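If you want the building blocks of each chain, they are given just below.
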Amino acid sequence: MLHFMRHLLNATSRSRDPFTSLSRLICRILAKPSHSFASNDSSPTSNLSCLLQGHIPRPHLLQIHARIFRFNAHQNNLVATRLIGHYPSNLALKVFHSLQNPNIFPINAIIRVLAEEGLSSRTFVIYKELKFRQLLPNDLTFSFLFKACSRGDVGADSVKQVHSHVLKSGFLCDAIVCNGLLMVYARAVKDLNSARQVFDEMPDRNLVSCWTSLISGYARAGLAEEALKTFLIMLKGNLQPETDTMVSILSACSSLTTLQVEKWVNLMAQCVKEFNCNTLFRDYIHIILAYLYGKSRDVEKSRKSFDEISDTGKRSVLSWNTIIGAYVQNGCSLDALTVFKSMIENSHCSPNHVTMVSVLSACAEVGDLDLGIWVHEYMKTRGQKGVLSSNVNLATALIDMYSKCGDLDGARTIFNQMSRKDVVSFNAMIIGLAVNGKGDEALTLFSEMQGLRLRPNSGTLLGVLCACSHSGLLDTGRQIFKEMILSNSVSPRLEHYACYIDLLSRCGFIEEALGVVTSMPFEPNKYVWGALLSGCVLHKRPQLAQRVSTMLVSVDPENSAGYVMLSNSLAADSKWRDVIKMRGAMREKGVAKQPGCSWINIGGVVHEFVAGSDSYRQTESMHQMMESLLKQMQSS
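Residues numbered from 1 in each chain as written. Predicted model: local features only at pLDDT ≥ 70, side-chain atom pairs only at ≥ 80, totals over all residues. Heavy atoms only, no water.

(A) Spotlight on the overall build of the protein chain. Across its full length, the protein chain carries 36 helices and 2 strands. For the protein chain, with 636 residues in total, the buried portion stands at 46%. Of the contacts made within the protein chain by residues no fewer than 6 positions apart, 59% connect residues no fewer than 24 positions apart. Just so you have it, the protein chain exposes about 33600 Å², and 51% of that area is on carbon and sulfur atoms. (Helix = DSSP H or I, 4+ residues; strand = E, 2+ residues; numbered from the N terminus. Buried < 20%, exposed > 50% of the residue type's maximum accessible area, 1.4 Å probe, protein only. Contact = heavy atoms within 4.5 Å. Areas by Shrake-Rupley, 256 points an atom, 1.4 Å probe, with all protein chains shown as cover.)

(B) Looking closely at the packing of helix H28 (residues 458–471) against helix H29 (residues 474–486). Between H28 and H29, the least distance of the axes is 9 Å, while the angle of their chain directions is 155°. Considering the angle they form, H28 stands roughly antiparallel to H29. The handedness of the crossing between H28 and H29 comes out as left-handed. Residue-level inspection shows Leu461, Val464, Leu465 and Cys468 of H28 in contact with H29, the latter providing Thr476, Gly477, Ile480, Phe481 and Met484. (Axes fitted to C-alpha atoms, helices over the stretch in contact; angles between N-to-C directions. Parallel < 35°, antiparallel > 145°, perpendicular 65-115°, else oblique. Left-handed = near helix turned anticlockwise from the far one by under 90°.)

(C) How the structure looks around the nonpolar core. Core analysis: the largest hydrophobic core is formed by 187 residues, its most contacted members being Phe231, Met268, Ile285, Ile288, Leu292, Ile324 and Ile501. Considering each element in turn, this core owes the most residues, 9 residues, to helix H17 (residues 279–295). If we ignore the near neighbours within four places in the chain, the residues touching Leu292 are Cys253, Leu256, Val261, Trp264, Val265 and Met268. (Core = buried A, V, L, I, M, F, W, Y, C linked by side-chain atoms within 4.5 Å.)

(D) A nonpolar patch on the surface, seen in detail. Judged by side-chain polarity, Met625, Met626 and Leu629 come together as a nonpolar surface patch covering roughly 310 Å² of accessible area. Tracing the chain through its elements places Met625 in helix H36 (residues 619–635). (Patch = residues over 30% accessible without salt bridge, like charges linked within 9 Å, V, L, I, M, F, W, Y side chains within 5 Å. Salt bridge = Lys/Arg side-chain N within 4 Å of Asp/Glu carboxyl O.)

(E) How the structure looks around the confidence of the model for the protein chain. Confidence in the prediction of the protein chain, expressed as mean pLDDT, is 84, and 86% of residues score 70 or more. Contacts from residues 11–42, a stretch scored under 50 in pLDDT, to residues over four places away or in other chains number 33 contacts. (pLDDT = per-residue confidence, 0-100.)

(F) Expanded view of the environment of Leu289. Within the secondary structure layout, Leu289 lies in helix H17. Note: C-alpha distance between Leu289 and Leu250 (39 residues apart in sequence) is 10.0 Å.

(G) The arrangement of unusual backbone geometry in detail. In this structure, Arg453 is a non-glycine residue whose phi angle is positive, near 60°. One can find Arg453 in the loop between helix H27 (439–451) and H28. Positive phi, normally seen in glycine, also occurs at Lys540, with a value near 55°. The topology assignment puts Lys540 in the loop between helix H32 (526–538) and helix H33 (542–555).

(H) Here's a closer look at the pattern of salt bridges. Going through the model one piece at a time under the given rule, you end up with 17 salt bridges. Here Lys160 and Asp191 are joined by a salt bridge, their closest N and O atoms 3.4 Å apart. Linking Lys160 in helix H10 (residues 156–169) with Asp191 in the loop between helix H11 (175–188) and helix H12 (192–201), this pair joins segments that are 31 residues apart in sequence. On the basis of relative accessible area, Asp191 is assigned to the buried category, the value being 17%. One continuous salt-bridge network, built from bridges that share partners, spans Arg112, Glu116 and Lys147.

(I) The packing of aromatic side chains, seen in detail. The final tally for this structure, using the stated rule, is 12 aromatic pairs. Seen from their ring centres, Phe275 and Phe281 are 5.6 Å apart, and the 85° between their planes marks the pair as edge-to-face. Taken individually, Phe275 and Phe281 each receive the classification buried, so the pair is uniform in this respect. Ring pairing ties together the aromatic residues Phe481, Tyr497, Tyr500 and Phe522, which thus form one cluster. Between the NZ or CZ atom of Lys314 and the centre of the ring of Phe306, over which it lies, the distance is 4.7 Å. Just above the ring of Phe415 sits the side chain of Lys421; from NZ or CZ to the centre is 5.1 Å. (Phe/Tyr/Trp six-rings, centres within 6.5 Å; stacked < 30°, edge-to-face > 60°. Lys NZ or Arg CZ within 6 Å of the ring centre and 35° of its normal.)

(J) Expanded view of the environment of His286. Mapped onto the elements of the fold, His286 is located in helix H17. With relative accessibility at 7%, the residue His286 sits in the buried group. Once the C-alpha coordinates of His286 and Ala269 are considered, the two residues, 17 residues apart in sequence, prove to be 8.5 Å apart.

(K) Structural context of the side chain of Thr123. Mapped onto the fold, Thr123 is located in helix H8 (residues 120–132). What makes Thr123 buried here is its relative accessible area of 0%. Apart from residues lying up to four places away in sequence, Thr123 is in contact with Ile111, Leu114, Ala115, Leu145 and Ala148.

(L) Geometry of the environment of Met268. In this structure, Met268 sits in helix H16 (residues 258–274). Taking relative accessible area as the criterion, Met268 reaches 0% and is therefore assigned buried. Placed 20 residues apart in sequence, Met268 and Ile288 show a C-alpha to C-alpha distance of 7.9 Å. If we ignore the near neighbours within four places in the chain, the residues touching Met268 are Leu228, Leu232, Ile285, Ile288, Leu289 and Leu292.

(M) The packing of H12 against helix H13 (residues 208–220), seen in detail. One way to put it is that H12 packs onto H13 with a least axis distance of 11 Å and a crossing angle of 160°. Taken together, the axes of H12 and H13 are roughly antiparallel relative to one another. For the pair H12 and H13, the crossing hand works out as left-handed. On H13, the residues touching Leu192, Ala195, Arg196 and Phe199 of H12 are Cys210, Trp211, Leu214, Gly217 and Tyr218. Here the residues of the contact of H12 with H13 are counted per class, giving 7 nonpolar, 1 polar and 1 charged. (Nonpolar A, V, L, I, M, F, W, Y, C, P; charged D, E, K, R; others polar.)

(N) Main features of the side chain of Thr245. When you line up the elements, Thr245 lands in helix H15 (residues 243–253). Classification of Thr245 as buried rests on a relative accessible area of 0%. Excluding anything up to four places from it in sequence, Thr245 contacts Val208, Thr212, Ile215, Phe231 and Met234.

Below, the structure is given as structure tokens:
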């Protein structure tokens, strides 16, 4: 501590200009009484405490601290309290421990600093000093202590001990303290029984954040129906949910089963009638309904619920995120982009990173690189500072979009700019390289990931196998798959087998691929038989192709892919009678060929074309143009 004091006392003398503006200000304040302070005490100590208010640059803080020592004000509790708040924990602790008789205020200050840095064990050490110093905690003590519990690794026993102190100190009547205790039980230690007990015993439950904490706890624990029941009780108590409440409710809805979704759709539909006179509450119900309908793959009803939301309700980004997400999850990417453009035109609501992740997914699906680039630029210029480098979900969505649109340079740029790369971001980049035929680069990135001691997961190894398959890296793929079987870290799933079978089939090792199919511990699905059938067609094995096609049709009878691939194989061998039989079998079973679909971006608008369909509005004019061009070609 002596070294620290000398450092502070010399802080001003090291400056080239010892009479800086701050030094002169300090001297003027300390030289004569100030009439600008609310307190009647115009002593140097009170004046110094006033200088410690607000943000202070580090050099100025050191100068003020030096003056505090010179005027022997470092034992003043008010000065020490404010000084502690300006320092990181290591220096704040030195200031605190220099106090001979601290009262509750500097103790609260040091607990707060330690809590914000997640140093929960040190926080409890300081808290225990209260008993030694015969000091009583106040509401702020508990609030800061609960923050330490929520940010650090604290066991349920420690929380229960604090709970007993809250009870003994008479703070169970304090709504803020109870909410902090409730939040720790629900989110940090996941003791929902204790959380509910605290909630039920609260004398005043009008604080919305208490309801939000309980609902969030239920949602995180997978108790979706409990979260929804609590939410309805909250509405019936005429309490207005916060944005965080709705986020937790939608999170809870994501874990509902199919039967539970049907049940809650009916219950929410009844609530719409019940809250008919309350537009705000009705909007909340319609947001939930839009989400539930999207989850049950009924996008028409999801859109209908969205359209029922009032203009005021549509000022919330949650309503837009819900319908855009519903469209994306159900493969209606063009509809999602249309809604997004309407949102941008709505001046009352701005998209957030959740919106952009869904929009980028839609862009990747239809290959709309222009809109994807616009989203990228929007988040750089109008998004939260540093969001592109720090938000893993957004960065991963950008990598996926650029990769699927064929812009690997854009994907690499985003990946390299990420401040924190996790397994998911590496997976996205590896798969992006794989599908673009950059197998060697994908494997290099995989090695780099292992060098950073990031543990590959199932998705990583699927991406690596995909890279080997798309680039024909047979030996490497064999080695990786063999290591998966022998290793206990990541066991191969059905999708890994399908990818490995695709690799063998592409490289012409049809018998080996068939051996893997018969020996694997899973029932082959359409992807396994499809990969094997593609290999048979590619390497002209018509007899085996017919057998495999039969297996593909048996596991996926409504899909035309197996019929079409075999039909093409027979046609290549001029077996026209067999082709006619195959098409007849398709008609008998009511199997229709999946029409081809493509998109093109013209002037920022994505146009969709479906093979054999005249639904596109400019089809007639396009046919006229084609006929005109044909006539010109014939006459030339």
